[in-house]
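So you can see what is in the structure, the chains are spelled out below.
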Amino acid sequence: MVEQFKSALRSLTQRICRGLEGQEVPKRPVWTVVNTPGTAPYVAMDAERPALSDLHFSLIIGLLRLPEYGAVAEAAENDTDLKKGIIVDGGGFLRGPERTNLTRALVTNFLWRYLRNGNQLDWDETRFVETFKELEVDIQDKKVVVHTTLPLSNLKMDIDALEFGGELSLRSATMEELERWLNRDRSMPLPGWGPPQWDNLYVDKPAVLHARRIVVGQPPSTDPAAVLSQLPRVNVDYAITALRLVMNAPISVIFQEHDSEGLMAFGGGGTSWGWSPPPPLGPIATINQEKATQVIHVWELLQTSPNINLLSLPLRRWESSLMRPSFEDRLIDAWISLESLLLGGLEGELSYRVAVRLAEFLGTNGADRQSIYNNARISYTWRSVIVHALNSTNVAKRLPLKEAARLTTEYLRSALLEVLKLTVQFNPGRLESDLLGRDAQAP
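Here the structure is a predicted model, which means the values were calculated and not measured.

(A) Region of interest: the overall build of the protein chain. The secondary structure content of the protein chain amounts to 17 helices and 11 strands. Put simply, the protein chain has 443 residues, and 44% of those count as buried. Relative to all contacts within the protein chain whose residues are 6 or more apart in sequence, the contacts with residues 24 or more apart total 72%. Of the roughly 22700 Å² of accessible surface on the protein chain, 52% is carried by carbon and sulfur atoms.

(B) Structural detail: the pairing of strand β8 (residues 206-216). Of the pairings in the sheet, the one linking strand β5 (residues 143-157) to β8 comprises 10 bridges and is antiparallel in character. Each bridged residue has a counterpart across the sheet, and for T149 the counterpart in β8 is H210.

(C) Representation of the environment of L55. Note on placement: L55 falls in helix α2 (residues 52-62). Separated by 29 residues in the primary sequence, L55 and P26 have C-alpha atoms spaced 8.3 Å apart. L55 has contacts with L20, Q23, V25, W112, G118 and L121, leaving out every residue within four places of it along the chain.

(D) Quick look at the packing of helix α12 (residues 327-342) against helix α16 (residues 401-421). One way to put it is that α12 packs onto α16 with a least axis distance of 9 Å and a crossing angle of 35°. Seen along the crossing, α12 lies across α16 with a hand that is left-handed. Of the residues in α16, those touching α12 at F327, E328, R330, L331, A334, W335, S337, L338 and L341 are L401, K402, A404, A405, T408, T409, L412, A415, L416 and V419.

(E) How the structure looks around the pattern of salt bridges. Within the structure shown, the criterion is met by 23 salt bridges. As a salt-bridge pair, R180 and E257 come within 2.6 Å of each other at their nearest N and O atoms. Of this pair, R180 sits in helix α7 (residues 175-182) while E257 sits in strand β9 (residues 255-261), and the two are 77 residues apart along the sequence. The class of R180 is partly exposed, set by a relative accessible area of 32%.

(F) Inspection of the packing of helix α5 (residues 102-114) against helix α6 (residues 125-141) at higher detail. Interaxial distance between α5 and α6 falls to 10 Å at its minimum, and their mutual angle equals 135°. Relative to α6, the element α5 lies oblique. Between α5 and α6 lies a crossing whose hand is right-handed. Each of L106, F110, R113 and Y114 in α5 lies in contact with α6, whose residues at this interface are R127, F128, T131, F132, E134 and L135. Per-class residue counts for the contact of α5 with α6 are six nonpolar, one polar and three charged.

(G) Layout of the side chain of N154. Looking at where N154 falls in the secondary structure, it is placed in strand β5. Within the structure, N154 has its side chain in polar contact with the backbone oxygen of P250 (distance 3.1 Å).

(H) Just the nonpolar core, in detail. Counting 69 residues, the largest nonpolar core has L155, F164, L170 and I287 as its most contacted members. For this core, the leading source of residues is α16, giving 10 residues. The residues contacting F164, other than those within four sequence positions of it, are S169, L170, L209, A239, V295, I296 and W299. Counting residues in hydrophobic clusters, the runner-up holds 42 residues, among them L94, V107, V144 and V215.

(I) Representation of the packing of aromatic side chains within the structure. Here the structure, examined in full by the defined rule, presents 11 aromatic pairs. On the numbers, 5.3 Å between centres and 70° between planes, the contact of F164 with W299 is edge-to-face. Note that F164 is positioned in strand β6 (residues 161-165) and W299 in helix α10 (residues 289-304), a separation of 135 residues in sequence. An identical accessibility class is assigned to F164 and W299; each is buried. Across from the ring centre of Y114, 4.3 Å away, lies the NZ or CZ of R127, which sits over that ring.

(J) Expanded view of the environment of L115. Secondary-structure assignment places L115 in the loop between α5 and α6. In the structure, L115 is positioned 12 residues away from R127 in sequence and 9.0 Å away in space, judged by C-alpha atoms. Beyond its immediate chain neighbours, meaning those up to four positions away, L115 contacts I16, C17, L20, L59, Q120 and L121.

(K) Spotlight on the side chain of S351. In this fold, S351 is placed in helix α13 (residues 350-362). Beyond its immediate chain neighbours, meaning those up to four positions away, S351 contacts R377 and Y380.

(L) Representation of α13 in the model. Its 13 residues place the ends of α13 18 Å apart at the C-alpha level, agreeing with the 18 Å of an ideal helix rising 1.5 Å per residue. Taken across its 13 residues, α13 has 10 buried, putting it largely inside the fold. Among all positions of α13, only S351, V354, A355, V356, R357, L358, A359, E360, F361 and L362 are buried.

(M) Just α5, in detail. Helix length check: α5, at 13 residues, gives a terminal C-alpha distance of 19 Å against a target of 18 Å (1.5 Å per residue), a fit within 8%. With 12 of its 13 residues buried, α5 lies for the most part within the structure. All of the buried residues along α5 are L102, T103, R104, A105, L106, V107, T108, N109, F110, L111, W112 and Y114. Within two residues after α5, R116 carries a phi angle of roughly 55°, on the positive side.

(N) Molecular detail of unusual backbone geometry. Phi at R116 takes a positive value of approximately 55°, unusual for a residue other than glycine. Relative to the assigned elements, R116 resides in the loop between α5 and α6. With a relative accessible area of 27%, R116 lands in the partly exposed category. Its identity as a non-glycine residue notwithstanding, K142 has a phi of 55°, on the positive side. Within the secondary structure layout, K142 lies in the loop between α6 and β5.

(O) Broad picture of the confidence of the model for the protein chain. Summary statistics for the protein chain give a mean pLDDT of 87 and a share of 87% for residues scoring 70 or more. Across the protein chain, α10 holds the top mean pLDDT of 97, while helix α8 (residues 224-230) sits lowest at 59.

Parameters and conventions
Residues numbered from 1 in each chain as written. Predicted model: local features only at pLDDT ≥ 70, side-chain atom pairs only at ≥ 80, totals over all residues. Heavy atoms only, no water. Helix = DSSP H or I, 4+ residues; strand = E, 2+ residues; numbered from the N terminus. Buried < 20%, exposed > 50% of the residue type's maximum accessible area, 1.4 Å probe, protein only. Contact = heavy atoms within 4.5 Å. Areas by Shrake-Rupley, 256 points an atom, 1.4 Å probe, with all protein chains shown as cover. Pairing = 2+ DSSP bridges. Axes fitted to C-alpha atoms, helices over the stretch in contact; angles between N-to-C directions. Left-handed = near helix turned anticlockwise from the far one by under 90°. Salt bridge = Lys/Arg side-chain N within 4 Å of Asp/Glu carboxyl O. Parallel < 35°, antiparallel > 145°, perpendicular 65-115°, else oblique. Nonpolar A, V, L, I, M, F, W, Y, C, P; charged D, E, K, R; others polar. Polar contact = N/O pair within 3.5 Å; in protein donor to acceptor, adjacent residues only side chain to side chain. Core = buried A, V, L, I, M, F, W, Y, C linked by side-chain atoms within 4.5 Å. Phe/Tyr/Trp six-rings, centres within 6.5 Å; stacked < 30°, edge-to-face > 60°. Lys NZ or Arg CZ within 6 Å of the ring centre and 35° of its normal. Expected span 1.5 Å × (residues − 1). pLDDT = per-residue confidence, 0-100.

Take a look at the structure:
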């Protein structure tokens, strides 16, 4: 970059520092989390918090009024290197100098990094030179880091982190994240349901998925397909499914936050809110090192199993069952999953067929298989009662609906895990012949 741009940026930085000299950063009360050893975390008000976000906002707003900024913007427009692109926008495309928004975004990022996020407001030549060198590197590389943050329901951390690979990790929510969610702007209604109330129930090491992706800026395109392919994406489906299978808990993404990091980032961030309510806060599952190892194993199986296509519908229906508040809905979803997994479109006496196959697949001995078979037959009767709106008095005496739903979904979960572990194609049709063959060999 030519010396003119550097010189103009130095003058602007000095002007900003003179304006901040002796200025006390205003304070704003914020909700925070008190985490004293030996006690449960709780939410409390911190009335003495420096309002650094206000300082950052005033910096953005005030730039356009400064003649020094005009000199920086003009120098950027005349700089050969900067004309190639100074900002990587939300679509991953390079944008050239434009003083009202794009150049101002670059300059704001530079000033905020120089000011160390509002913690060092004085002029320092050495710090300026170091920050400018970082800017030169970013302009040469033309890339930003896109972060996606996904808080999860009904899961807390008892380990430091769980690494899925591919720059996807599960960690406990940081203090910065918790404070951001506790103090979110409620002046405008949010689309969808938004986040839960971040009270004491949500601040004790809640699990958060973090995805990180490096995006290299590309020249703008008028091709809609190219624009869509460039958008940063993160696929967390297998990670969520693995967590649900291992923890047997209604874990879901509550909302998503998107933010970009780097001097060429176009500032700000975004949030995607769900249009359906998050699942009710139930018993919180806690992930420890043993569970973490199992989660990673299942996550890998979900990507390598020869049976993943066969499991597509059964997995989806089991996860749907897990999230349902109604026992009737849970049972119906579970049976749709079991029939898809174990029957594969067969007709005839389905309750007998599926019960026999399930008992053979999961049972470890004769008594165990008999118990699974009996429970499956009663559960299937519950299915018929629900679907056809029949009288449930007799079947309820044999097995209450709540227990039938619990047993059926647990059998289903165990079957899904067992099929995932298979290294060959799963053939449910062989289960009956395996049972008969073993019985024929018995003395």
